[in-house]
Amino acid sequence: MSKVFGFAGENDFCPGGPIYTNHKEQNHFLSISRPVDVYFPLRKRSRISAPFVFTEERFEQKKQASIEVLPDECLFEILRRLPGGDERSACACVSKRWLSLLSNICKDELCSQNESAQVKSEVEDEGIEGDGYLSRSLEGKKATDIRLAAIAVGTASRGGLGKLFIRGSNSSQGVTKVGLRAIARGCPSLKVLSLWNLLSVGDEGLSEIANGCHKLEKLDLSHCPAITDKGLLAIAKSCPNLTDLVIESCTNIGNEGLQAVGQHCTNLKSISIKNCPAIGDQGIAALVSSASNVLTKVKLQALNVTDVSLAVVGHYGKEVADLVLTSLSNVSERGFWVMGNGQGLKKLKSMTVTSCVGLTDTGLEAVGKGCPNLKQLYLHKCPFLSDNGLVSFAKSAVSLESLLLEECHRITQIGFFGSLLNCGANLKAASLVNCLGMKDLKLDLPELSPCSSLRSLSIRNCPGFGDGSLALVGKLCPQLQNVELSGLQGVTDAGFLPVLENCEAGLVKVNLSGCVNLSDKVVSVMTEQHGWTLEVLNLDGCRRITDSSLVAIAENCFLLSDLDVSKCATTDFGIAAMARSNQLNLQVLSVSGCSMISDKSFPDLVKLGQTLLGLNVQHCNAIRSSTVDVLVERLWRCDILS
């Protein structure tokens, strides 16, 4: 036999001697069913992964059958014939290839083999969410095409995706048109789409959404520089149900896109456009004029628009109820005047103007006359607005209910109180924030009817607002229920006591944070006269408040649920006084920064904790951390900050 096969001896399988000199190297042997030793020299791994099958006489290579050898076209046909959504979701977990194929199957391409199972699935889906739609959100590194494909496949059989929010990052593996294509094909029920900071999403991706999601109602595009008018045009033509449109910092969207939206989206109710340098008067005018019968909310911020845009809003905004104008540097006094006299804003109820130098006394007066149903006016950083304009507006705006002035430094005591006296019988809330023009003046006001409708007054960080101004508040506003005097270091007991004495309705919420010159006398009078109505009291930073105030609170404030005495001069004695009260039912207590409250208050805090839902003991240096740990264990239903 050796001659037939041509090898020399009994031990030589190959000519020239044995391959391995040491025959005891067991790692070079392959043991099979019979006691036969076969030598294998070291060599490259076989490219074929199928196993080798050995017999006595020969060995042969047997290839393993696999579905992976099928081309995508065949596998696509198989996957689209799966009977239900659960099966498709399970197959999507096999590999990225299968997930990609499944995510590219449109709903009308599915070949369901079990209609009854499909009906059953739909019934179960209605129980998952009442409206039949799901909501998903992806942020940062999680915002990828793979995850979008998985969402498209997974939600298709469970009511369908209704809301999708994507907050991307600058990652190179972020969302692209591939992911949006999967959503468009698998989620035709999508109604709300928000795309933020997606640098790789352009017109092709948005066009995929337009082609597949015809039910889209709300679209939010923010910081998507690759999207142009072409993508917005596709949305406008294919999504006639669009009602809300937000465009922010999309530098390549211009007038043409807005014109298309105005022409095709006849149900548009809300638009918000911010920091888009390519958008001008032409786009705004076309959009507002086309949707004049349905548009209810308009927000324009940091745009290169002029008086023309405001004139169009004033004339065609027949249904506009909410108007926000911010940082429109090219709009002058004439723009606001024309808008007010356009006779189109009859239904305007809320108006916010921020950092618009064009808003002057003349423009504001025109707005007051042209908007008879205006109920809320918020003015921020209007440097050329003075007392005359504010009072004139107040006389015209007979329906005004809420007035807020922030950083309007030309508004003085005369303008503020003049507006309160002339606003009519509907004004319920007034706020002053960071108005440096407010200063105490000795005003000899005649006997005027008080502003009996005012229920809420907020004065924050107006350093010139002192006792004299507060005394006028007490005379003019007898029906106050909510009072906020924050950061008014010039207010003393002499100024606040008239407010307490003249208030007839009973105070409900009082915030005196940062009023460092108020003492226990104020709290004592407040609790005696208004303890039966007081629910929230904030004394944060009132350093002259001591345990006497806590004793008065414990005796008189039976409805008080929220108390903040942070950075006050309270001690363990005050906490003990509140714990002894049987009528006090606090839900939130803050003693942050009270250095004289120590571990001795532990049993009293535990007793108060029977009703507490929130306790703040931060920066209480006399309370040890071990005591706080025990409090956390004992007051398990209370959220403790330490």
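First, a word on what this report is: a plain description of the structure on this page. (Residues numbered from 1 in each chain as written. Predicted model: local features only at pLDDT ≥ 70, side-chain atom pairs only at ≥ 80, totals over all residues. Heavy atoms only, no water.)

**Some details on the overall build of the protein chain**
Piece 1. A count of helices and strands for the protein chain gives 23 helices and 24 strands.
Piece 2. Only carbon and sulfur atoms are counted for the fraction: they give 51% of the accessible area of the protein chain, which is about 31500 Å². (Helix = DSSP H or I, 4+ residues; strand = E, 2+ residues; numbered from the N terminus. Areas by Shrake-Rupley, 256 points an atom, 1.4 Å probe, with all protein chains shown as cover.)

**Comments concerning the environment of leucine 605**
Piece 1. Relative to the helices and strands, leucine 605 is located in helix 22 (residues 602-608).
Piece 2. A relative accessible area of 3% means that leucine 605 is categorised as buried.
Piece 3. Distance from leucine 605 to aspartate 572, taken between C-alpha atoms, is 9.9 Å for residues 33 residues apart in sequence.
Piece 4. Those residues in contact with leucine 605 that sit more than four places away from it in its chain are Ile575, Leu589, Leu615, Leu631 and Leu635. (Buried < 20%, exposed > 50% of the residue type's maximum accessible area, 1.4 Å probe, protein only. Contact = heavy atoms within 4.5 Å.)

**Examining the pairing of strand 7 (residues 192-196)**
Piece 1. Of all five residues making up strand 7, four are buried, and the element is well covered by its neighbours.
Piece 2. Across five bridges, strand 6 (residues 161-167) lies against strand 7 in parallel orientation. Bridged to isoleucine 166 within strand 7 is leucine 195.
Piece 3. Relative to strand 8 (residues 218-222), strand 7 runs parallel, the two being bridged by five bridges. Residue pairing in the sheet places valine 192 in a bridge with lysine 218 of strand 8. (Pairing = 2+ DSSP bridges.)

**Examining the pairing of strand 14 (residues 376-380)**
Piece 1. With five bridges connecting them, strand 13 (residues 350-354) and strand 14 associate as parallel partners. Within strand 14, the position partnered with threonine 354 by the bridge is histidine 380.
Piece 2. Once you follow strand 13 into helix 14 (residues 361-370) and on to strand 14, the crossover reads as right-handed.
Piece 3. As for the winding sense of the linkage, the β-α-β connection from strand 14 through helix 15 (residues 387-396) to strand 15 (residues 402-406) is right-handed. (Right-handed = clockwise from strand over helix to strand, strands pointing away.)

**Some details on a positive patch on the surface**
Piece 1. The grouping of Lys349, Lys375, Lys428 and Arg455 at the surface amounts to a positive patch.
Piece 2. Note on placement: lysine 428 falls in the loop between helix 16 (413-422) and strand 16 (429-433).
Piece 3. Judged by its relative accessible area of 41%, lysine 428 falls in the partly exposed class. (Patch = residues over 30% accessible without salt bridge, like charges linked within 9 Å, V, L, I, M, F, W, Y side chains within 5 Å. Salt bridge = Lys/Arg side-chain N within 4 Å of Asp/Glu carboxyl O. Lys, Arg positive; Asp, Glu negative; His and termini not counted. Charge placed at Lys NZ, Arg CZ, Asp CG, Glu CD.)

**With respect to the pattern of salt bridges**
Piece 1. A complete count under the given rule lists nine salt bridges for this structure.
Piece 2. Across the pair arginine 81 and glutamate 77 runs a salt bridge whose closest N-O atoms are separated by 2.6 Å.
Piece 3. Salt bridges linked by common partners bring Glu77, Arg80 and Arg81 together as one network.

**Describing the side chain of threonine 533**
Piece 1. Here threonine 533 is to be found in the loop between helix 19 (520-530) and strand 20 (536-538).
Piece 2. A relative accessible area of 12% means that threonine 533 is categorised as buried.
Piece 3. Sequence-distant contacts of threonine 533, that is, excluding residues within four places in its chain, are made with Gly506, Leu507, Val508 and Leu559.

**Remarks on helix 19**
Piece 1. Burial in helix 19 covers these residues: Asp520, Val522, Val523, Val525, Met526, Thr527 and His530.
Piece 2. Check the buried side of helix 19 and you find it contacts helix 18 (493-502), strand 19 (509-511), strand 20 and helix 20 (547-556).

**Some details on the packing of aromatic side chains**
Piece 1. According to the stated counting rule, one finds one aromatic pair in the structure shown.
Piece 2. Aromatic pair phenylalanine 416 and phenylalanine 417: ring centres 5.3 Å apart, planes at 70°, arrangement edge-to-face.
Piece 3. Note on phenylalanine 416: relative accessible area 1%, which makes it buried.
Piece 4. When the ring centre of phenylalanine 573 is taken as origin, the NZ or CZ atom of arginine 580, which lies over that ring, is 6.0 Å away. (Phe/Tyr/Trp six-rings, centres within 6.5 Å; stacked < 30°, edge-to-face > 60°. Lys NZ or Arg CZ within 6 Å of the ring centre and 35° of its normal.)

**Regarding the environment of leucine 613**
Piece 1. When you line up the elements, leucine 613 lands in the loop between helix 22 and strand 23 (614-616).
Piece 2. C-alpha of leucine 613 to C-alpha of leucine 635: the two residues are 22 residues apart in sequence and 8.9 Å apart in space.
Piece 3. Every residue in contact with leucine 613, bar those within four places of it in the chain, is listed here: Gln587, Arg637, Cys638 and Asp639.

**Some details on the packing of helix 14 against helix 15**
Piece 1. Between helix 14 and helix 15, the least distance of the axes is 8 Å, while the angle of their chain directions is 5°. The angle between helix 14 and helix 15 falls in the class roughly parallel. Facing Asp361, Leu364, Glu365, Gly368 and Lys369 of helix 14, the residues of helix 15 in contact are Asn388, Gly389, Leu390, Ser392, Phe393 and Ser396.
Piece 2. Residues of the contact of helix 14 with helix 15, tallied by class, amount to three nonpolar, five polar and three charged. (Axes fitted to C-alpha atoms, helices over the stretch in contact; angles between N-to-C directions. Parallel < 35°, antiparallel > 145°, perpendicular 65-115°, else oblique. Nonpolar A, V, L, I, M, F, W, Y, C, P; charged D, E, K, R; others polar.)

Remember that the coordinates give geometry; whether it matters functionally is a separate question.
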